[in-house]
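Observations on the three-dimensional arrangement
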Amino acid sequence: MSRELDQGESPRPSKPEPFANGGRLNLRPRLPTTTILAFIALCLSIFLVALDTVLIPTALPYISSSFHLPDSSYAWVGSAYLLANGASIPFWGKLSDIFGRKPVILSANAIFLAASLMCALSVDAEMLIAGRVLQGLGGGGVVVMVHVCVSDLFDIRYVLSIGFCSEYTNRF
């Protein structure tokens, strides 16, 4: 009983056959390769931001001895990143509503990359702190946009089932 679709009508997704793959129970459709690749790219992006959040405070004693930082600048190297990161999150969310997800996450990654280069090439404490502020701005965009993009990529039922399964298996 197949019927032709009207122009404005969208096709319904087909239900997966429960025992289609060799008698094994299959209750969900397979994810497309592009979705998996996009998810891996998002994971790598947020991994770099999370690494930067944790790595710099660990290396801060060596950095402060290299730049001969006073105590006030020592505190700002770590705090400038986190302050800019947290303060910029609502800004990035609104930008994604206006311009879309893809250009905003690419912009956030570009800002984070340029600021990382600025920090790597810094010659004094002021340049390092300014680079950390810019890194925080880009990092805040990456963090919020990764969460937004993941929520756009996956159905909420699928995400909840994965969360439930991982929580259930972690208890044993």
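Residues numbered from 1 in each chain as written. Predicted model: local features only at pLDDT ≥ 70, side-chain atom pairs only at ≥ 80, totals over all residues. Heavy atoms only, no water.

**Some points on the overall build of the protein**
When helices and strands are counted, the protein shows 5 helices and 0 strands. Listing each helix as α and each strand as β along the protein from the N terminus yields α-α-α-α-α. Counting every position in the protein, which comprises 172 residues, the buried fraction comes to 27%. In the protein, the share of contacts with a sequence separation of at least 24, taken over all contacts with a separation of at least 6, comes to 68%. (Helix = DSSP H or I, 4+ residues; strand = E, 2+ residues; numbered from the N terminus. Buried < 20%, exposed > 50% of the residue type's maximum accessible area, 1.4 Å probe, protein only. Contact = heavy atoms within 4.5 Å.)

**Observations regarding helix α3 (residues 101-120)**
Side chains three or four residues apart in an α-helix point the same way, a direct result of the helix having 3.6 residues per turn. Look at α3: 29 Å from first C-alpha to last across 20 residues, which is about the 28 Å you get at 1.5 Å a residue. Of all the positions in α3, only V104, I105, A108, F112, A115 and C119 are classed as buried. End-on view of α3: buried residues confined to an arc of 95 degrees, all on one side of the axis. In α3, those exposed residues whose orientation departs by more than 90 degrees from the buried face are K102, L106, L113 and A120. (Expected span 1.5 Å × (residues − 1). Arc of directions from axis to C-beta.)

**Digging into the nonpolar core**
Core analysis: the largest hydrophobic core is formed by 15 residues, its most contacted members being W92, I105 and M145. Going through the elements one at a time, α1 (33-67), α2 (71-99), α3 and α4 (125-153) are the ones with two or more residues in this core. Of all the elements, α4 adds the most residues to this core, at 6 residues. Core analysis: the second largest hydrophobic core is formed by 10 residues, L69, C119, L128 and I129 among them. (Core = buried A, V, L, I, M, F, W, Y, C linked by side-chain atoms within 4.5 Å.)

**Looking at the confidence of the model for the protein**
Looking at the protein, pLDDT values average 80 and 73% of them are 70 or higher. When mean pLDDT is taken per element in the protein, α3 scores highest with 95 and helix α5 (residues 156-170) scores lowest with 55. Here residues 165-172 is a poorly scored stretch, pLDDT under 50, and it has 0 contacts once near neighbours within four places are set aside; other chains count. (pLDDT = per-residue confidence, 0-100.)

**A look at the packing of α1 against α2**
One can describe the packing of α1 onto α2 by two numbers: an axis separation of 9 Å at closest approach and a directional angle of 165 degrees. Here α1 lies roughly antiparallel to α2, going by the angle between them. Handedness of the α1/α2 crossing: right-handed. Where α1 abuts α2, its residues V49, D52, T53, I56, L60, P61 and S64 lie against Y74, V77, G78, Y81, L82 and N85. (Axes fitted to C-alpha atoms, helices over the stretch in contact; angles between N-to-C directions. Parallel < 35°, antiparallel > 145°, perpendicular 65-115°, else oblique. Left-handed = near helix turned anticlockwise from the far one by under 90°.)

**Quick word on a nonpolar patch on the surface**
A surface patch of nonpolar side chains, about 380 Å² in accessible area, is lined by I36, L37, I40 and L44. A relative accessible area of 40% places I36 in the partly exposed class. (Patch = residues over 30% accessible without salt bridge, like charges linked within 9 Å, V, L, I, M, F, W, Y side chains within 5 Å. Areas by Shrake-Rupley, 256 points an atom, 1.4 Å probe, with all protein chains shown as cover. Salt bridge = Lys/Arg side-chain N within 4 Å of Asp/Glu carboxyl O.)

**Topic: the packing of aromatic side chains**
Inspection of every chain in the model, using the stated rule, returns 1 aromatic pair. Ring geometry for F91 and W92: centres 5.7 Å apart, planes at 70 degrees, overall edge-to-face. (Phe/Tyr/Trp six-rings, centres within 6.5 Å; stacked < 30°, edge-to-face > 60°.)

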